[in-house]
Every structure is written in C-alpha cells, then in structure tokens.
Amino acid sequence: MDNLPAFKDVAASERANLFVRKLRLCAVICDFSEGSGNDREKEIKRQTLLELVDYVNSAKQPFAEHIMPEVVSMVSANIFRPLPTRSRDAPFDPEEDEPILEAAWPHLHIVYEFFLRFVVSGSTEAKVARKYIDTTLITRFLELFDSEDPRERDYLKTILHRIYGKFMPHRAFIRKAISNVFYRFIYETERHNGVAELLEILGSIINGFALPLKDEHKQFLSRALIPLHKPAGGAIQQYHQQLSYCITQYLEKDPKLADVILKGLIKYWPHTNSQKEVMFLNELEELLELTQSTEFAKVAEPLFRLIARCINSPHFQVAERALFLWNNEYIVSLMAKSRDVILPVLYPALENNTTKHWNSTVHGLTFNVQKLFMDMDARLWEECAQRHKLQAEKNASAAAARKQKWAELERQVAQRS
C-alpha cells in the first residue's frame, strides 16, 4: 500500500481523480487481529480516510455521478462484514457482559464519519445519490444494528436518520424494513442489540408525521410498536424508555388512538415478572395523562381489573406503584368520571389489602385511596361495601356447603370400607 499525494499538492482539475484513487486505496481491508502487524499500511489508510473526510467537508461543487459507486463500494467494503456471534446458550446480556468491541474501529469510525459527511453534504445531490444509496444497501445497513459495539450503533443511528431525511423516496421502505427487524425480534429471536437505536430514529420520524395520521402509520403502531411489549423483561428493559416515547408521540398526535394503545398494553401485560410490571405501570401513567375521558371510558373496566390485580400483588413495589396512580390529579379526575365502572371492580382489591397485605406502606396507600373514593361518592362506596359483604357471605356459605359435602362423602366412604 503506497501513500498517495495530498489533495493540496495536485491541481484542482486532478482532485476528483485523486479522490477516486484514495477511495480505492481505502477499500483495502487491514487485519486488526492480535499480532497481525502491518502498522505502516494501517497508518497510511487511516491518514487517507481523514483526508477523504476533509475533502467531502470542503467540497463546493456537486459530486459527479461516476464518484457515487466508488464511495458506496469503499464504504461497503469496510462496514459490511460478519458480526461476531455468541452461543445461543449464552446470549449477550448488556447488564452483565462486556460487549464485543470492533477491533478495526480505528479505521471503521472514520469510514462511518466519512459516510455521514457524504450523506449530509450539500454537494451530494439526492436525485443522483439515491441510485447508489439504494434499498439493497439500506437493508444491509439495517443488519449492522445488531452489532454489540455501542459506538457503531450510534453512528448507524445517525446515518440512517440522515438518509431518511435526505432521500424521501426511500422513507416508506425504511419504515417497512425497520418493522421487519422488529417482527423477527418479537416473534423469532427475542435477541437484537439495536432495537433502542431504531426506536430513537422512529421517535424523531413519528414526531414529523403529518395530521391526520395515514392508515399506514396507524398500522405501524398496532403491528410493530405495541407488540414490542411482548418480549421478556430482560430484553424489553434495554429499549422500554424509547418505546414508551414513540407510543406517547402517537397519542399526542391523535388522542383517539388511546383505545388501541391501552388495549395493547393490557394484552401484553406481564403476569410473573414484577420488574416488568413496574415498567408497564410507569408507562401506563404517562399514557393516561394524555388520554381523554371518552377514550378512557372505553377501557376503564378491563384496565382496572388489571390494576386491581397489581394492587393485590405480593410484590410491594408493584402494589405501591399501582397505588401511586392516585397521586396524579388528572388520572383521579378520569376515574371520577368513570367511578360507577371502576369502584365495583376495585373495591374487593382495596378491602383485601387492608386485611391481608403484608406491607405497611401498601396499607397506608390503600387507606388513602379508600378515603378518596369515600369522599368522591359516599353512596356508591356504601353500595359497593354492601355488595362486597353479601358476596363474602355467599362465598362463606358456599365454602361451608362444600366442606359439608366433602365430609359427607368421606363418611360414606368410611362406612363402605
């Protein structure tokens, strides 16, 4: 590998040809494995890549079309490679494991910087470049989001977002390709390192959706985003914050989507993972703050059956977080409008907590909620209390009859033997 002259040392008319020669030099891949040597070649390539970045930054004239395939070829040669894989028996856990960092990062990060500068450059004309930065390249680019190296995912996120902004004809394809990544993650692998970064891009994209929302955008919400609540707690923990932001963006755009979103949250509500339940309760509060009373009324009964179960959870953090919903004035105002539906569902759970829950903080919070409902509607509270008392007597009577029946059966069996 030989050093090429600097751009400043050649005539202006020769710089475009020198740019192509430097691109071809940088398409040669250096071996960064331990003990590989070749330090001189690596330094030549590193310096050449930095020169390419400066050249793109300082370009005044539009890039000629014959340069585009050379750029794509050099970038592709460097970034598209097999990602390191782990055994299926020992998947990567971001909380416990150190990520596998890319050994070739001294070159790779400059290649990404070059590609980013090239995409955003005013000298790169979208109409010409989109023939080469095409759907095939975008599909392969999306596959790299599964890299364990957070530095690489950060560049990928920024570049894909810029491609989305610059190449309008590719926008629908990019959204569809991202949804395909999500489908594979949700329904097949439940393993992907770049879901959070893809959701960050989507958060910005959703923010720019025009109103009224297209059916295609609503389908993306119901088919790709809401089912992202399905994966196990360890997986969802890595991207829940970004997912929650995307969904609240939808709700801010169109309050009528509250029905679909809340029913989706109910559908994927965890039953055995307390940490995930607390996450969902946090998200639920954010969503309810954006929900209008007409939409709230549609889901009040199934939603509060779920909340009643959370209130009775033996895990005190789940019970506590559910009871904290009553600290939110707006949510309490929604409950007040639908109290005829909510209180009959909640009353047994509240009563059960006062006598059976082990945690004193949960006892105190439960008492506060009971007092709030008593002050809100004393007549309805009394009705629910009477109904609960009758039901308790009925249950006790049924239990006694069942016990008596078993005793009679045992007596008959004893007589026969």
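Please refer to the structure higher up on the page.
(A) How the structure looks around the overall build of the protein chain. Across its full length, the protein chain carries 20 helices and 0 strands. Its C-alpha radius of gyration of 30 Å places the protein chain more than 25% over the 22 Å reference for a compact globule of 417 residues. Taking the principal axes of the C-alpha coordinates as reference, the protein chain spans close to 105 × 60 × 35 Å. Look at the contacts in the protein chain between residues 6 or more apart in sequence, and 74% of them connect residues 24 or more apart.

(B) The arrangement of helix α9 (residues 195-207) in detail. Taking 1.5 Å as the rise per residue, α9 with 13 residues should run 18 Å; its terminal C-alpha atoms sit 18 Å apart, in good agreement. With respect to burial, α9 is a largely interior element, 10 of its 13 residues being buried. Residues of α9 that are buried make contact with α6 (135-143), α7 (150-166), α8 (171-189), α10 (215-225) and α12 (240-253).

(C) Representation of helix α14 (residues 274-289) within the structure. With 16 residues, α14 should reach 22 Å at 1.5 Å per residue; the first-to-last C-alpha distance of 23 Å fits that figure. Among all positions of α14, only Lys 276, Glu 277, Val 278, Met 279, Phe 280, Leu 281, Glu 283, Leu 284, Glu 285, Leu 287 and Leu 288 are buried. Summarising the contacts, the buried residues of α14 are in contact with α11 (233-236), α12, α13 (258-267), α15 (293-311), α16 (316-323) and α17 (329-337). Structurally, the start of α14 carries an N-cap: the backbone nitrogen of Gln 275 is 3.2 Å from a side-chain oxygen of Asn 273.

(D) The state of the cysteines, seen in detail. In total, this model carries 0 disulfides according to the counting rule given. You can see Cys 30 has no disulfide; the closest cysteine sulfur is in Cys 26, sitting 9.0 Å from it. Cys 310 takes part in no disulfide bond, and the closest cysteine sulfur, belonging to Cys 384, lies 20 Å away.

(E) Seen up close, the nonpolar core. Phe 182, Leu 225 and Trp 326 are the most contacted members of the largest nonpolar core, which has 130 residues in total. Apart from residues lying up to four places away in sequence, Phe 182 is in contact with Val 195, Leu 198, Leu 199, Leu 202, Phe 220, Ala 224, Leu 225 and Leu 228.

(F) Inspection of the pattern of salt bridges at higher detail. Applying the stated rule across the entire model yields 22 salt bridges. In this structure, Arg 387 engages Glu 383 in a salt bridge whose closest nitrogen and oxygen atoms are separated by 4.0 Å. With a gap of 4 residues between them, Arg 387 and Glu 383 both fall in helix α20 (residues 378-416), about one helical turn apart. Judged by relative accessible area, Arg 387 falls into the partly exposed class, the value being 45%. Given the relative accessible area of 34%, Glu 383 is considered partly exposed. Linked by salt bridges that have partners in common, Arg 81, Glu 102 and Glu 152 make up one network.

(G) Looking closely at the packing of α7 against α9. Where α7 contacts α9, the two axes come as close as 9 Å, and the packing angle between them is 30 degrees. The pairing of α7 with α9 is recorded here as roughly parallel in orientation. The two elements α7 and α9 meet at a crossing, and its hand is right-handed. Touching Arg 153, Lys 157, Leu 160, His 161 and Tyr 164 of α7 are Glu 197, Leu 198, Glu 200, Ile 201, Ser 204 and Ile 205, all from α9. Across the contact of α7 with α9, the residue classes break down as 5 nonpolar, 2 polar and 4 charged.

(H) Representation of unusual backbone geometry. Across the junction of Leu 211 and Pro 212, the peptide omega takes the value -5 degrees, indicating a cis bond. Despite not being glycine, Glu 190 has its phi angle at roughly 55 degrees, a positive value.

(I) How the structure looks around the side chain of Glu 285. If you trace the backbone, Glu 285 turns up in helix α14. Those residues in contact with Glu 285, other than ones at most four positions away along the chain, are Arg 321, Leu 325, Asn 328 and Ile 331.

(J) Layout of the environment of Val 120. Tracing the sequence through the fold places Val 120 in helix α4 (residues 105-120). Residues within four places of Val 120 in sequence aside, it is in contact with Arg 162 and Lys 166.

(K) Geometry of the packing of aromatic side chains. Summed over all chains, the structure comprises 18 aromatic pairs. Ring centres of Phe 296 and Phe 304 lie 6.0 Å apart, and the angle between their planes is 80 degrees; this geometry places the pair in the edge-to-face category. Put simply, the rings of Phe 7, Phe 19, Tyr 55, Phe 63, Phe 114 and Phe 118 pair up and form one aromatic cluster. In this structure, Lys 22 packs its charged tip against the face of Phe 7, placed 5.3 Å from the ring centre. Against the face of Phe 32 rests Lys 42, its NZ or CZ located 4.7 Å from the ring centre.

(L) Structural detail: the side chain of Lys 157. Note on placement: Lys 157 falls in helix α7. Sequence-distant contacts of Lys 157, that is, excluding residues within four places in its chain, are made with Phe 145, Glu 197, Glu 200 and Ile 201.

(M) Quick look at the packing of α4 against α7. Viewed as axis vectors pointing N to C, α4 and α7 meet at an angle of 15 degrees, and their least axial separation amounts to 9 Å. As judged from the angle between their axes, α4 and α7 are roughly parallel. For the crossing formed where α4 meets α7, the hand is left-handed. Taken together, the residues of α7 that come into contact with α4 (itself represented by Trp 105, Leu 108, His 109, Tyr 112, Glu 113, Phe 115, Leu 116, Val 119 and Val 120) are Arg 151, Glu 152, Tyr 155, Leu 156, Thr 158, Ile 159, Arg 162, Ile 163 and Lys 166. Residue classes in the contact of α4 with α7 are distributed as 11 nonpolar, 2 polar and 5 charged.

The rules behind these values
Residues numbered from 1 in each chain as written. Predicted model: local features only at pLDDT ≥ 70, side-chain atom pairs only at ≥ 80, totals over all residues. Heavy atoms only, no water. Helix = DSSP H or I, 4+ residues; strand = E, 2+ residues; numbered from the N terminus. Rg over C-alpha atoms; globule rule 2.2 N^0.38 Å. Contact = heavy atoms within 4.5 Å. Expected span 1.5 Å × (residues − 1). Buried < 20%, exposed > 50% of the residue type's maximum accessible area, 1.4 Å probe, protein only. Polar contact = N/O pair within 3.5 Å; in protein donor to acceptor, adjacent residues only side chain to side chain. Disulfide = S-S within 2.5 Å. Core = buried A, V, L, I, M, F, W, Y, C linked by side-chain atoms within 4.5 Å. Salt bridge = Lys/Arg side-chain N within 4 Å of Asp/Glu carboxyl O. Axes fitted to C-alpha atoms, helices over the stretch in contact; angles between N-to-C directions. Parallel < 35°, antiparallel > 145°, perpendicular 65-115°, else oblique. Left-handed = near helix turned anticlockwise from the far one by under 90°. Nonpolar A, V, L, I, M, F, W, Y, C, P; charged D, E, K, R; others polar. Phe/Tyr/Trp six-rings, centres within 6.5 Å; stacked < 30°, edge-to-face > 60°. Lys NZ or Arg CZ within 6 Å of the ring centre and 35° of its normal.

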